[in-house]
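# Summary of the model geometry
One letter stands for each residue in the lines below.
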Amino acid sequence: MQHAVTIYHNPDCGTSRNTLALIRNAGIEPQIIHYLQTPPDRGTLLALIAAMGGGARPLLRQKGTPYEELGLARETLSDDELVDAMLAHPVLINRPIVVSALGTRLCRPSELVLDILPAPQLAPFSKEDGEVVIDATLKRVDAVR
């Protein structure tokens, strides 16, 4: 069963891999955008930020990025300035971002994708680290959020 789901994915990221696996566990083969190789343009990035709500700052990744060197912790920076930094350095865009007919979400932790998938999980699922997300009865196992 095909559904229109898109994931902005980094295959080197465990959270991104777990999110992609949860999408596929629902029988959905998403459009996969390897955003470090093909970064979104300004219009697309602004549309993703608007769809998620909350402005650009929650989408900024700090770990393993030039966040500190670029002085991005300054609260006085505008969303436009933060978007400029993300466009210049796509590694600053946190991942994975998933877009479906039910919403757009930064899926950290990966099980947040379950809230916007248009199909149920088809099998039990555990993350790469062994944490159970979908149990043997196909019920969601929620860790404390």
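This write-up is about the structure you can find in this document. All figures in this text were calculated on a predicted structure; none of them were measured in a lab. (Residues numbered from 1 in each chain as written. Predicted model: local features only at pLDDT ≥ 70, side-chain atom pairs only at ≥ 80, totals over all residues. Heavy atoms only, no water.)

### Looking at the sheet that holds strand S2 (residues 31-34)
So the rule is basically this: In this analysis, strands are considered paired if DSSP registers two or more bridges between them. Only DSSP runs of H or I with at least four residues qualify as helices, and only runs of E with at least two residues qualify as strands; both kinds are numbered from the N terminus onward. Think of each axis as a best-fit line through the C-alpha atoms, taken over the contacting stretch in the case of a helix, with angles from 0 to 180 degrees between the N-to-C directions.
One open sheet holds the 4 strands; their spatial order is S2-S1-S3-S4, and the pairing between them is mixed. Every interior strand has two partners, whereas the edge strands, S2 and strand S4 (103-106), have only one. The sheet shows a mean angle of 15 degrees between the axes of neighbouring strands, direction not considered. The sheet contact formed by strand S1 (residues 6-9) and strand S3 (residues 97-100) spans 3 bridges and is antiparallel. Paired with threonine 6 across the bridge in S3 is valine 99.

### Here's the deal with the pattern of salt bridges
Put simply, the test is: Whenever a carboxyl oxygen of Asp or Glu lies within 4 Å of a side-chain nitrogen of Lys or Arg, that contact is scored as a salt bridge. Each residue is assigned to one of three classes by its accessible area relative to the maximum for its type, calculated with a 1.4 Å probe on protein chains only: buried under 20%, partly exposed between the two thresholds, exposed over 50%.
Scanning all chains against the criterion turns up 8 salt bridges. A salt bridge links arginine 17 to glutamate 128; its shortest N-O distance comes to 2.7 Å. In this pair, arginine 17 sits in helix H1 (residues 14-25) while glutamate 128 sits in the loop between strand S5 (125-126) and strand S6 (132-134), placing the two residues 111 residues apart along the sequence. Between aspartate 84 and arginine 42 there is a salt bridge; the shortest N-O distance is 2.0 Å. Within this pair, whereas aspartate 84 is found in helix H3 (residues 79-88), its partner arginine 42 is found in helix H2 (residues 42-52), the two being separated by 42 residues in sequence. We classify arginine 42 as partly exposed; its relative accessible area is 33%. One network of salt bridges, with partners in common, ties together Arg105, Asp115 and Arg140.

### Observations concerning the pairing of S2
Counted only if it meets this: For crossovers, right-handed means that the path from the first strand over the helix to the second runs clockwise, given strands pointing away from the viewer.
Pairing of S1 with S2, which is carried by 4 bridges, proceeds in the parallel orientation. Bridging from a neighbouring strand, histidine 9 pairs with histidine 34 of S2. Read from S1 through H1 to S2, the crossover connection turns out right-handed.

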